[in-house]
Amino acid sequence: MSRLQGKVAIVTGAASGFGKGIAAKFIGEGARVIIADLSADAGQAAAAELGDNCAFLQGDVTKAADWQALLQLATDKFGGLDIVINNAGATYANKPTMQVTEKEFDLVFNVNVRSVYQSTEVLVPYFLDNKRPGVFIQVASTAGLRPRGGLTWYNASKAAVINGTKSMAVEFGPNNIRFNCVSPVVGSTGMTHLFLGKADTEENRAGFVSTIPLGRPSTPADVANACCYLASEEAAFITGVNIEVDGGRCV
Ligand SMILES: NC(=O)c1ccc[n+]([C@@H]2O[C@H](COP(=O)([O-])OP(=O)(O)OC[C@H]3O[C@@H](n4cnc5c(N)ncnc54)[C@H](O)[C@@H]3O)[C@@H](O)[C@H]2O)c1
């Protein structure tokens, strides 16, 4: 029996990077997955690659109407919804805090934090009204626990996600809606070059990785494995945790 057999999941930001890895793992474990992403071309390509148990909807995770459309697609096409992975994220390029513009601050808080708010505003009532168990997993970051310089408001946005997730775990535990986070250390995705604060060279990436005891960056498979556990029945009694997928970085 596959670990997510019969489950339906929305994975945001799954046109690439960690999200695409999560979508692939979930489908491999028997789930049907809706990829939600701003990028139509990459999203369609990812869904085509992942096969019939994957659908794509272009959307912006900061907009309530786009979450409504995702819920509609999940119920129309796959008969319901069980799992929500808030993975889409944004950052500005690493820089001194005094140089961060209002626009950059708003982007980071909208995509990283408001998205979680909007997802719960739209989807928690669905789980409550249908008396259906639900699982929310937020892809936060080690940045929310052990911040690196030059990323102040990205770090703060991820800390907000971790804290808000724990609050909701307490509030909705009695309704059997579980809320957890997964916090990856630096990986090799579309966002990585923005974290460095230096030229994107092998040497500078190696400097980042040198602070990780297990000696390598995180991969989409590492992140997907943690999400799969949290989404599965194996984690039926797990809520309000933040799993660091970080090779020991946060110790
Ligand atoms: N890459 C890292 O080193 C790293 C480390 C820790 C945490 N994270 C987190 O992992 C998550 C995934 O990022 P990634 O590293 O795979 O980067 P990525 O750039 O490969 O993927 C991010 C995806 O989110 C989509 N997206 C951005 N804004 C959106 C919006 N408003 N609505 C819908 N989709 C949107 C992008 O189009 C992209 O496909 C993010 O939350 C990021 O903060 C990344």
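Now for a quick tour of the structure. (Residues numbered from 1 in each chain as written. Predicted model: local features only at pLDDT ≥ 70, side-chain atom pairs only at ≥ 80, totals over all residues. Heavy atoms only, no water.)

1. A few points about the overall build of the protein
The helix and strand tally for the protein stands at eight helices and seven strands. Against the 2.2 N^0.38 benchmark of 18 Å for 251 residues, the protein shows a C-alpha radius of gyration of 17 Å, consistent with a compact globule. Taken along its principal axes, the extent of the C-alpha atoms in the protein is 50 × 35 × 35 Å. Counting every position in the protein, which comprises 251 residues, the buried fraction comes to 49%. Here the analysis covers contacts within the protein between residues at least 6 apart in sequence; of these, 69% occur between residues at least 24 apart. Of the roughly 11200 Å² of accessible surface on the protein, a fraction of 54% belongs to carbon and sulfur atoms. Once the 21 positive and 23 negative side-chain charges of the protein are each reduced to a mean point, those two points are 3 Å apart. (Helix = DSSP H or I, 4+ residues; strand = E, 2+ residues; numbered from the N terminus. Rg over C-alpha atoms; globule rule 2.2 N^0.38 Å. Buried < 20%, exposed > 50% of the residue type's maximum accessible area, 1.4 Å probe, protein only. Contact = heavy atoms within 4.5 Å. Areas by Shrake-Rupley, 256 points an atom, 1.4 Å probe, with all protein chains shown as cover. Lys, Arg positive; Asp, Glu negative; His and termini not counted. Charge placed at Lys NZ, Arg CZ, Asp CG, Glu CD.)

2. Things to note about the site of the ligand
The full set close to the ligand counts 28 residues, and Asp37, Asn87, Tyr154, Gly187 and Thr189 are the nearest of them. At 2.6 Å, a side-chain N or O of Tyr154 approaches an oxygen atom of the ligand. Between the ligand and Gly187 there is a distance of 2.7 Å, counted from an oxygen atom to a backbone nitrogen or oxygen. When the ligand is considered free in solution it has 830 Å² of accessible area, and contact with the protein chains removes 92% of it. Elements supplying a minimum of two residues to the shell around the ligand: α1 (17-28), α5 (152-172) and α6 (192-196). Looking at the shell around the ligand, its residues break down into 14 nonpolar, 11 polar and three charged. (Near = heavy atom within 4 Å. Polar contact = N/O pair within 3.5 Å; in protein donor to acceptor, adjacent residues only side chain to side chain. Nonpolar A, V, L, I, M, F, W, Y, C, P; charged D, E, K, R; others polar.)

3. Focus: the pattern of salt bridges
Under the counting rule described, the total for this entry stands at nine salt bridges. The partner of Glu49 in a salt bridge is Lys20, and the shortest N-O contact between them spans 2.9 Å. Highlighted residues: Glu49 in helix α2 (residues 40-50) and Lys20 in helix α1, separated in sequence by 29 residues. The shortest N-O distance in the salt bridge between Lys25 and Glu29 comes to 3.2 Å. (Salt bridge = Lys/Arg side-chain N within 4 Å of Asp/Glu carboxyl O.)

4. Comments concerning α5
Every α-helix winds through 3.6 residues per turn, so residues three or four apart in the chain are directed the same way. Here α5 spans 30 Å end to end across 21 residues, near enough to the 30 Å set by a 1.5 Å rise per residue. Buried residues along α5 sit in contact with α4 (102-129), β5 (134-139), β6 (177-184), α6 and β7 (242-245). (Expected span 1.5 Å × (residues − 1).)

5. Points about the side chain of Thr91
With respect to the helices, strands and loops of the structure, Thr91 is situated in the loop between β4 (83-86) and α4. Thr91 gets classed as buried once you look at its relative accessible area, which sits at 9%. In contact with Thr91, not counting residues within four places along its chain, are Leu107, Val108, Leu151, Tyr154, Met191, Leu194 and Phe195.

6. A closer look at the environment of Thr211
Structurally, Thr211 is set in the loop between α7 (202-209) and α8 (220-231). As a C-alpha pair, Thr211 and Gly134 span 77 residues in sequence and 36 Å in three-dimensional space. The contact partners of Thr211, leaving out residues within four places of it in the chain, are Arg148 and Arg249.

7. Some remarks on the pairing of β5
The element β5 is largely enclosed, with a buried count of six among its six residues. Along β5, one buried face is formed by Gly134, Phe136 and Gln138 and the opposite face, lined by Val135, Ile137 and Val139, is buried too. As a crossover connection, the stretch from β4 through α4 into β5 is right-handed. As paired elements, β5 and β6 share six bridges and run parallel to each other. Each bridged residue has a counterpart across the sheet, and for Phe136 the counterpart in β6 is Phe179. For the crossover from β5 across α5 to β6, the handedness is right-handed. (Right-handed = clockwise from strand over helix to strand, strands pointing away. Pairing = 2+ DSSP bridges.)

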